[in-house]
Structure formats: C-alpha cells, structure tokens
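What follows is the residue order along each chain.
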Amino acid sequence: MMTGTAKRRAIVIGAGIGGLTAGLAFAGKGWDVQVLERTAALWPVGYALIMAPNAQRALDTIPGGIVEQIHSLATLQGESGIRTARGGWLSRNDASLAEERYGHPAVVLRRAELVEMLAANLPPGSLRLGTPVAGLDAATGEVTLETGEVLRGDVLVAADGIHSAARAALFPGCPGPVFAGLTAWQALVPSAGIDYQVGTTWSRGGEFGMLPMKDGRLYVFAEAAADKPMPRRTGAEEKAELVRRFGGLRPPVPEVIRRIDEEAVLRADIHSMQVPLPAFHRGRAAILGDAAHAMAPNLGQGACQAIEDAVTLAYVLDRSGSVPQGLADYTAARMPRTSLIVRRSSQVARFATMRNPAGQVLRNGMLRAMGLLGSSAALRQADFVMRWDHPAVAVRPRPPQ
Ligand SMILES: Cc1cc2nc3c(=O)[nH]c(=O)nc-3n(C[C@H](O)[C@H](O)[C@H](O)COP(=O)(O)OP(=O)(O)OC[C@H]3O[C@@H](n4cnc5c(N)ncnc54)[C@H](O)[C@@H]3O)c2cc1C
C-alpha cells in the first residue's frame, strides 16, 4: 500500500461485470475511481449467469460483503450435471461437494440484479452512465469522452467488452475475437408444474440446459454447432429453431420450449479470442474481461475470469509503487490462466456440440468412465478452473533489485 497525500486514480471504461468489479476492487484499496459507461442505464445482455466458486473467492477479497449479497440474490445449483439425450447421467456434481472443496458452491443469479448490486456498492459519484469513451492514450493515462471532456488516471482499465474499441487502440493489428462455430439461446420460463432436471442435456450437435432461479423461473440455455453466423430472425423463428433442434428431447424439454416467450428469447453467435493478445497491458492501460479474452460459454467462466482479472489488477497495482511494474505483474498473473481457460472452453464447446455420432459414443463412454471414479474425481477435473489463487500467490515475489 502506497502512503502519500494524493489518492491514486483508476479510470475504468465499461460498467459490465468486469468494469464494475474493477471499480469496487480499486475503491476497496482506497483509490479514487471513475467507471465510465456508454449506456444510459445498466442493462446487461443476457438473463442469468452461473457464478463459480473461483469468482466468489475473488470477490471475497473486496471489503463490503459482496459474496453475502450475491448469495441473497442467487440459487444454489444443488445436484446438476450432464445427461444424454436418453436421460442417463454423463457427469454429475453436487453443490455441497463443490462448497467443501472450493469454499463456495456454484450459484445462479440474474445478471441485471448482479450488476445493480455491484454498482450500488461503488462509492457515490464514481459511476458515470451515458458516458461513451471516444479514445484513450495509454502513454499519458488520458481518456477522451465523446463530449470532448478529457479525464486522466494513474491507470486506465479497458473493460469495454467483446467488441472493445480500446483493445483495437491498444493492440492495433492484433486479431480480435472470431466466430467460434457456435450459436446460443437464452430464455426465462415459469417453472410451476414442471418436473425439471437441473443441468444440461447433450444431444446431437447441441446442448439444452435449465437451472432454477430465485424468482421461481427457470433459466433456459441452449447451444448448437453452426458452420457460420446465423442470420437475424424473429423471436417466433428462434423458438421454431429450438423446437426443431431440441423438441425431440425427453420431457420436460418440449414443455419448457413451449413455455418460452418468443418476444423474449435471446440468441447470439459466439465469438472467442483464438489468438491471445501479446499482453494484457500497454503503457498505463490494462485490459480485462471479454475485451481481453472472450471465450465460449461452456465452462461458465467469462464473467468469473473478468472478476478474477479485476481483483488481481487492483491488488498488483496497489502493492506496487510503479505502474509499469504493477501492470507487468498483472499480465504475468492473468495471461497464462485465462489463455488456458479460453482454450479449454473451446474444447468443451466442441465436445458438447459434437455432430458425429461415432464421436459422441466415444465421448459419452469417456465421460461415463470418469463418472465411475466418483464425484470427487469428476470435481478434481475442475480444479484448474475452480481454484483461485490470491494474486499474492499467483504473482511470484520479485527478487530484490
Ligand atoms: C450465452 C452466454 C452465456 C454465458 N454464461 C456465463 C456464465 O454462466 N458464467 C460466466 O462467468 N460467464 C458467462 N458468460 C460470459 C459473460 O457473459 C461475459 O464473459 C461477461 O459478461 C463479460 O463481462 P465484461 O465486463 O468483460 O464485458 P461486458 O459485460 O460486455 O461489459 C462491457 C461494458 O462496456 C461498455 N462499453 C463498451 N464500449 C464503451 C465505450 N466506448 N465507452 C463506455 N462504455 C463502453 C458496454 O456498454 C458494456 O456495458 C456467458 C456468455 C454467453 C454469450
């Protein structure tokens, strides 16, 4: 921790889960924070989110009881897993075992409630909505707003999401995210009277899953392999596509699809970062979340990794008297882990949406064999994701100069 008179200042571009967490993490260390969001209201895309234990452990390091607030908004996942189209288990896990192993269970919560809660914990006046950033200068730490106003920070945090303009400015010529060969649907469905099974079913070329929400609805998600991005379609057409692809699965899937409100079904083509950036910092700027490492959603880790990025960044910069050294530590702590998780997410996506029937038989056999080793063995496979080391461990101490 630096001692001195002037507070250091972090300017964060984007108030998604990554940017808001960065704001909280820096504010928790006594920094002055400005979080700049282009939209006039916080309106996250997507309905719900699984928050894995690693992200909750990261949030535990921020003062203010954020994780307790998350638990009050969330449902525990309970027993869940992956089933075949015929209904047999391919892999099974239990929230209580995850809690024993990782300190927290995986939880499911509404995105809108999560971002509102994160924003409400920021210091008053630190979140500026309706404030699009037009440009940044990593050398000076300045951002220029669309209004022409210029703000200056000790550090700039680019948390502006998958289509990040900041990434293109910081790393010109480096490839951004590309189509991942996947498309995904989300919906919320009333659950009354449905005998639902928590988790996901892997069918030919796709998966269909459902998770209970605190408000009694089911968060429904589906994903399918796609050779090219899908054209924009009406809600009725999206629902018809879900019927076509998943309507033949075992009950209650057909009834769940029937209950989807076609006006509110969301679909997005998935893009991921196949070539990692050369670093997660340039000059006085750091990049985090989807802007840095967009990934397929199949490990449920995009937002979780953004949260880990944010708390790590605030920690390394706060402990270091030097911004360049702190930012180099940030890249060192975050690049290997996030690059691995991006790759594994793509592998799991290919596995989950496999179209070749012979490949599916092989895949299912492998997963069942792993399941025979017991839930703890299956959980151990997730250790590399679910365990989160505090940056004090993840960043090796520097030898004395
Ligand atoms: C179908 C699907 C399911 C998913 N499920 C999960 C899950 O269960 N668990 C999980 O951890 N992750 C999941 N993810 C991934 C997760 O949604 C993302 O990784 C996460 O939301 C990224 O957060 P972010 O803060 O980096 O970016 P974003 O949420 O995209 O936020 C970026 C913000 O920056 C703002 N912005 C952009 N440009 C500017 C500008 N010039 N000036 C000011 N503001 C700007 C935007 O308006 C936006 O508010 C899923 C993704 C998909 C597609």
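Everything numeric here is computed off the predicted structure, so don't read it as measured data.

Quick notes on the overall build of the chain
Okay, so step 1: Secondary structure summary: the chain contains 15 helices and 19 strands in total.
Okay, so step 2: Scaling as 2.2 N^0.38, a compact globule of 401 residues should have a C-alpha radius of gyration of about 21 Å, and the chain matches this with 21 Å.
Okay, so step 3: Counting only C-alpha atoms and orienting by the principal axes, one finds that the chain spans roughly 65 × 45 × 40 Å.
Okay, so step 4: In the chain, buried positions account for 51% of the 401 residues.
Okay, so step 5: In the chain, of all internal contacts separated by at least 6 residues, the share reaching a separation of at least 24 is 73%.
Okay, so step 6: As presented, the chain carries roughly 17,900 Å² of accessible surface, and 54% of it is formed by carbon and sulfur atoms.
Okay, so step 7: Across the chain, the mean location of the 43 positive side-chain charges is 6 Å away from that of the 36 negative side-chain charges.

Here's the deal with the packing of aromatic side chains
Okay, so step 1: Across all of its chains, the model carries six aromatic pairs by this definition.
Okay, so step 2: The interplanar angle of 85° and the centroid separation of 6.4 Å between the aromatic rings of W202 and F351 together place this pair among those described as edge-to-face. Placement of the pair is W202 in strand 14 (residues 199-203) and F351 in helix 11 (residues 323-352), with a sequence separation of 149 residues.
Okay, so step 3: A residue is classified by how much of its surface remains accessible, and W202, at 7% relative accessible area, is buried.
Okay, so step 4: Centre to centre, the rings of Y219 and F221 are 5.5 Å apart; their planes meet at 35°, and the pair counts as tilted.

Concerning the site of the ligand
Okay, so step 1: G18, E37, I50, R111 and D290 are the nearest of the 29 residues found near the ligand.
Okay, so step 2: At a separation of 2.6 Å, an oxygen atom of the ligand approaches a polar side-chain atom of E37.
Okay, so step 3: A distance of 3.4 Å separates a nitrogen atom of the ligand from a polar backbone atom of G302.
Okay, so step 4: Burial of the ligand by the surrounding chains reaches 83%, relative to a free accessible area of 1,000 Å².

Considering the side chain of T312
Okay, so step 1: Within the secondary structure layout, T312 lies in helix 10 (residues 302-319).
Okay, so step 2: A polar contact is formed between the side chain of T312 and the backbone oxygen of E308, at a distance of 2.7 Å.
Okay, so step 3: If near-sequence neighbours (up to four positions away) are discounted, T312 is found in contact with Y330, A333, R334, W388 and P391.

Remarks on the nonpolar core
Okay, so step 1: Of all hydrophobic cores here, the largest spans 74 residues; its most connected members are F26, M51, I70, L114 and L313.
Okay, so step 2: When residues in this core are grouped by element, the largest group, nine residues, is from helix 10.
Okay, so step 3: Ignoring any residue separated from it by four or fewer positions in sequence, one finds L313 in contact with F26, V157, A286, L288, L327 and Y330.

Examining the packing of helix 1 (residues 17-28) against helix 5 (residues 111-120)
Okay, so step 1: One way to put it is that helix 1 packs onto helix 5 with a least axis distance of 9 Å and a crossing angle of 25°. Overall, the two elements helix 1 and helix 5 adopt an arrangement that is roughly parallel. Crossing of helix 1 against helix 5: the hand is left-handed. Judged by residue contacts, I17, L20, T21 and L24 of helix 1 engage L114, V115, L118 and A119 from helix 5.
Okay, so step 2: Here the contact of helix 1 with helix 5 is composed, by residue class, of seven nonpolar, one polar and no charged.

Observations concerning the pattern of salt bridges
Side chains bearing opposite charge may pair, as long as their charged atoms lie close to each other.
Okay, so step 1: As enumerated under the stated definition, the model contains 20 salt bridges in all.
Okay, so step 2: Between R334 and E308 there is a salt bridge, with its nearest N and O atoms 2.9 Å apart. Placement of the pair is R334 in helix 11 and E308 in helix 10, with a sequence separation of 26 residues. Across this residue pair, the class does not change: R334 and E308 are buried.

Considerations on the environment of F26
Okay, so step 1: With respect to the helices and strands, F26 occurs in helix 1.
Okay, so step 2: Owing to a relative accessible area of 0%, F26 belongs among the buried residues under this scheme.
Okay, so step 3: Sequence-wise, F26 and A314 are 288 residues apart; in three dimensions their C-alpha atoms are separated by 5.2 Å.
Okay, so step 4: What F26 contacts, discounting residues up to four positions off in sequence, is A10, W31, V33, V155, V157, L313, A314 and L317.

Each value, and the rule that gives it
Residues numbered from 1 in each chain as written. Predicted model: local features only at pLDDT ≥ 70, side-chain atom pairs only at ≥ 80, totals over all residues. Heavy atoms only, no water. Helix = DSSP H or I, 4+ residues; strand = E, 2+ residues; numbered from the N terminus. Rg over C-alpha atoms; globule rule 2.2 N^0.38 Å. Buried < 20%, exposed > 50% of the residue type's maximum accessible area, 1.4 Å probe, protein only. Contact = heavy atoms within 4.5 Å. Areas by Shrake-Rupley, 256 points an atom, 1.4 Å probe, with all protein chains shown as cover. Lys, Arg positive; Asp, Glu negative; His and termini not counted. Charge placed at Lys NZ, Arg CZ, Asp CG, Glu CD. Phe/Tyr/Trp six-rings, centres within 6.5 Å; stacked < 30°, edge-to-face > 60°. Near = heavy atom within 4 Å. Polar contact = N/O pair within 3.5 Å; in protein donor to acceptor, adjacent residues only side chain to side chain. Core = buried A, V, L, I, M, F, W, Y, C linked by side-chain atoms within 4.5 Å. Axes fitted to C-alpha atoms, helices over the stretch in contact; angles between N-to-C directions. Parallel < 35°, antiparallel > 145°, perpendicular 65-115°, else oblique. Left-handed = near helix turned anticlockwise from the far one by under 90°. Nonpolar A, V, L, I, M, F, W, Y, C, P; charged D, E, K, R; others polar. Salt bridge = Lys/Arg side-chain N within 4 Å of Asp/Glu carboxyl O.

By themselves these figures say nothing about function.
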